[in-house]
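Okay, here's what each chain looks like letter by letter:
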Amino acid sequence: MNPRDAHTADLGVLFVCLGNICRSPLARAILEHQAGGAGVRALHVDSCGTGHWHVGGPADSRTIRVAQRRGVRMNHVARQLDPARDFNAFRLIVPMDARNRTDLLRAGAPEHRVRLVRSFEPAFHGDHAHAPDVPDPYTGGDDGFERVFDMLWASCEGLLARVRTGTFDLHEPT
Ligand code: 4NP
C-alpha cells in the first residue's frame, strides 16, 4: 500500500438516497472517479436507497447520461439499505438530504458517523447535521441532474481531501 494511503485503509463510505437510482449512485461513481485520479485506492465506496422500489434495477437513464457527459464511469445495480449489515460495514454514512438522514437515524445509524454529503463542500464545512440538501432530481429534467452532479462533485472533492489528510473524527462522543 502507498504509505500516503495508510490512514484510509479501513474507510468504507456509504452514500444514501431515497431510490438509489439518481443521487447516491452518482455520488459513488464520482468519488471513485476522483479517488482513482488521486491514486487513493484503499477506499471502499457503495450506495443504497432507503426505499425498495428500484432494487435490482439500473441507475436512472438521466443519471447515466450526466455521468457520461462528464466522463465518469458508472456501473450500478440498485439496492436497499440493510441496517444490520451496512452500519457495521461502513464507517462513514453519507445521506443526500435531511429526510435520508432522519430515516437513517430511525433505522439505528450511529449519529456520529452520519454526515450530510454537502457538509463536505467547503462552503458548509463541518456542519454535519444542517448542510443543505442535494435536491431529489427524479421528477425534473436533465438540468436538475447537471446541478446535482456539480453539488456532488464539490462535495466529493471535499470528502476526498478529508480522507487524504486523515482528518475524520468518527469516534463516539464520550
Ligand atoms: P434518488 O431519486 O433518491 O436520488 O435515487 C429518486 C428516485 C426514485 C424515487 C424517488 C427519488 N421514486 O420515488 O421512485
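Reading guide: rules and limits
Residues numbered from 1 in each chain as written. Predicted model: local features only at pLDDT ≥ 70, side-chain atom pairs only at ≥ 80, totals over all residues. Heavy atoms only, no water. Axes fitted to C-alpha atoms, helices over the stretch in contact; angles between N-to-C directions. Helix = DSSP H or I, 4+ residues; strand = E, 2+ residues; numbered from the N terminus. Parallel < 35°, antiparallel > 145°, perpendicular 65-115°, else oblique. Left-handed = near helix turned anticlockwise from the far one by under 90°. Contact = heavy atoms within 4.5 Å. Nonpolar A, V, L, I, M, F, W, Y, C, P; charged D, E, K, R; others polar. Near = heavy atom within 4 Å. Polar contact = N/O pair within 3.5 Å; in protein donor to acceptor, adjacent residues only side chain to side chain. Areas by Shrake-Rupley, 256 points an atom, 1.4 Å probe, with all protein chains shown as cover.

**Quick notes on the packing of helix 1 (residues 23-38) against helix 5 (residues 142-165)**
- At a minimum axis distance of 9 Å, the contact between helix 1 and helix 5 shows a crossing angle of 45°. Overall, the two elements helix 1 and helix 5 adopt an arrangement that is oblique. For the pair helix 1 and helix 5, the crossing hand works out as right-handed. Here helix 1 contributes Arg23, Leu26, Ala27, Ile30, Leu31, His33, Gln34, Ala35 and Ala38 to the contact with helix 5, which in turn contributes Val148, Phe149, Leu152, Trp153, Cys156, Glu157, Leu159, Leu160 and Arg164.
- Here the residues of the contact of helix 1 with helix 5 sort into 13 nonpolar, 2 polar and 3 charged.

**Quick word on the site of the ligand**
- Residues in contact with the ligand, as listed here, are Cys17, Leu18, Gly19, Asn20, Ile21, Cys22, Arg23, His54, Asp136 and Tyr138.
- Take Asn20: an N or O atom from its main chain is 3.2 Å from an oxygen atom of the ligand.
- Here an oxygen atom of the ligand sits 3.3 Å away from a polar atom, N or O, in the side chain of Asp136.
- Here the ligand has 350 Å² of accessible area as a free molecule, and 89% of this is covered by the chains.
- Its residues assigned to classes, the shell around the ligand shows 5 nonpolar, 3 polar and 2 charged.

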